[in-house]
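Structure assessment
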Amino acid sequence: NAGVMQNPRHLVRRRGQEARLRCSPMKGHSHVYWYRQLPEEGLKFMVYLQKENIIDESGMPKERFSAEFPKEGPSILRIQQVVRGDSAAYFCASSPGQGAQNIQYFGAGTRLSVL
Amino acid sequence: GQSLEQPSEVTAVEGAIVQINCTYQTSGFYGLSWYQQHDGGAPTFLSYNALDGLEETGRFSSFLSRSDSYGYLLLQELQMKDSASYFCAVRDAGGYQKVTFGTGTKLQVIP
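The notes below deal with the structure included here.

Rules used in this analysis
Residues numbered from 1 in each chain as written. Chains lettered and ligands numbered in written order. Predicted model: local features only at pLDDT ≥ 70, side-chain atom pairs only at ≥ 80, totals over all residues. Heavy atoms only, no water. Helix = DSSP H or I, 4+ residues; strand = E, 2+ residues; numbered from the N terminus. Phe/Tyr/Trp six-rings, centres within 6.5 Å; stacked < 30°, edge-to-face > 60°. Buried < 20%, exposed > 50% of the residue type's maximum accessible area, 1.4 Å probe, protein only. Pairing = 2+ DSSP bridges. Disulfide = S-S within 2.5 Å. Polar contact = N/O pair within 3.5 Å; in protein donor to acceptor, adjacent residues only side chain to side chain. Contact = heavy atoms within 4.5 Å.

**Points about unusual backbone geometry**
Across residues other than glycine, the phi torsion is negative in most instances, and most of the peptide bonds are trans. Residues and elements named next belong to chain A. Here the residue pair N7 and P8 is connected by a cis peptide bond, since its omega of -5° sits within 30 degrees of zero. Tracing the chain through its elements places P8 in the loop between β1 (5-7) and β2 (10-13). At Q81, a position not held by glycine, the phi torsion is positive, near 45°. Within the secondary structure, Q81 is located in the loop between β8 (75-79) and β9 (88-95).

Now the structure itself:
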């Protein structure tokens, strides 16, 4: 049973380009969360999705950032027109469903570097 | 909203016991979790407390007092591999039941 899979592990972009981060949840998990982490800091909640629905995007900047979790395929976190301040580790986590969200299973993260 | 406070750093000796505290302020509360993260790695779930009291899992125990909005993670028989960051996290009792993480405590285990 594969864990949460994120790709790519490392992503380098120049300012103004787009970054697309992918997350495949654990098998059987229907809830996905995205977090951002700066060096030596905690995990900042960005967005919580269920299949085809955004449940809570209160932690995601209104501009340039978007997320989706389609019926088929991985969840995508998309950052348009990246800036240097977007450089961070982005972690995805999944959980089986409501009532089980106290346990989140994390992927290895995507380290985004903006040049 | 929610906020959590943890010490930023703790140093302890191999073989000893260390306690990492977490206080929280929430508009609703459903449970307190603990996660471990090694440098460059992914956070991994350690424990969860929904009710007051102590939960024990091997060398790790977690405690919760809902009346004090306080919990702690206790690590016994410390090993060098326990050097990592430890995050407490609260689950919102609101409709979305979002999980909010603390800023983390960096534990350094020394020989």
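Here the narrative resumes, following the displayed structure.
**A few points about the packing of aromatic side chains**
To describe a pair of aromatic rings, one takes the distance between the centres and the angle between the planes. The final tally for this structure, using the stated rule, is 11 aromatic pairs over all chains. Summarising the aromatic geometry, the rings of Y35 of chain A and F101 of chain B are spaced 5.2 Å apart at their centres and angled 85° between planes, so their arrangement reads as edge-to-face. Remark: F101 of chain B occurs in strand β10 (residues 99-101) and Y35 of chain A occurs in strand β4 (residues 31-37); the pair is interchain, linking two chains. Classification of F101 of chain B as buried rests on a relative accessible area of 7%. Three or more aromatic residues joined by ring pairs form one cluster here, namely Y35, F45 and F106 of chain A together with Y35, F45 and F101 of chain B.

**Structural notes on the pairing of strand β11 (residues 105-110) of chain B**
Residues and elements named next belong to chain B. Alternating residues of β11 divide into T105, L107 and V109, all buried, and K106, Q108 and I110, none buried. Direction of pairing for strand β2 (residues 9-13) relative to β11: parallel, over a ladder of five bridges. Along β11, the bridge assignment pairs T11 with Q108. With three bridges connecting them, strand β9 (residues 84-91) and β11 associate as antiparallel partners. Paired with S85 across the bridge in β11 is K106.

**A short note on the state of the cysteines**
Such a bond, covalent and formed between the sulfur atoms of two cysteines, is termed a disulfide. Summed over the entire model, instances satisfying the criterion amount to two disulfides over all chains. Between C23 of chain A and C92 of chain A runs a disulfide, and the two sulfur atoms are separated by 1.7 Å. Where C23 of chain A bonds to C92 of chain A through sulfur, the torsion about that S-S bond is close to -50°, and the disulfide is left-handed. Of this pair, C23 of chain A sits in strand β3 (residues 19-24) while C92 of chain A sits in strand β9, placing them 69 residues apart in sequence. The residues C23 of chain A and C92 of chain A share a single accessibility class, namely buried. With a sulfur-sulfur separation of 2.1 Å, C22 of chain B is cross-linked through a disulfide to C88 of chain B. Linking C22 of chain B and C88 of chain B, the disulfide has an S-S dihedral of approximately 75° and is accordingly described as right-handed. Separated by 66 residues along the polypeptide, C22 of chain B in strand β3 (residues 18-25) and C88 of chain B in strand β9 bring together distant segments of the chain. Of the two residues, C22 of chain B and C88 of chain B, neither departs from the other in class, the shared state being buried.

**A word on the environment of Y48 of chain B**
Residues and elements named next belong to chain B. Within the secondary structure, Y48 is located in strand β5 (residues 44-49). Residue Y48 is classed as buried on the basis of its relative accessible area of 18%. Placed 15 residues apart in sequence, Y48 and F63 show a C-alpha to C-alpha distance of 9.1 Å.

**Looking at the side chain of Q6 of chain B**
Residues and elements named next belong to chain B. The residue Q6 is located in the loop between β1 (3-5) and β2 in this model. A distance of 2.8 Å separates a polar atom in the side chain of Q6 from the backbone oxygen of Y86. Of note is the side chain of Q6, whose polar atom sits 3.1 Å from the backbone nitrogen of G104. Leave out the neighbours within four places in its chain, and Q6 touches I20, N21, C22, W34, Y86, F87, C88, G102, T103, G104 and T105.

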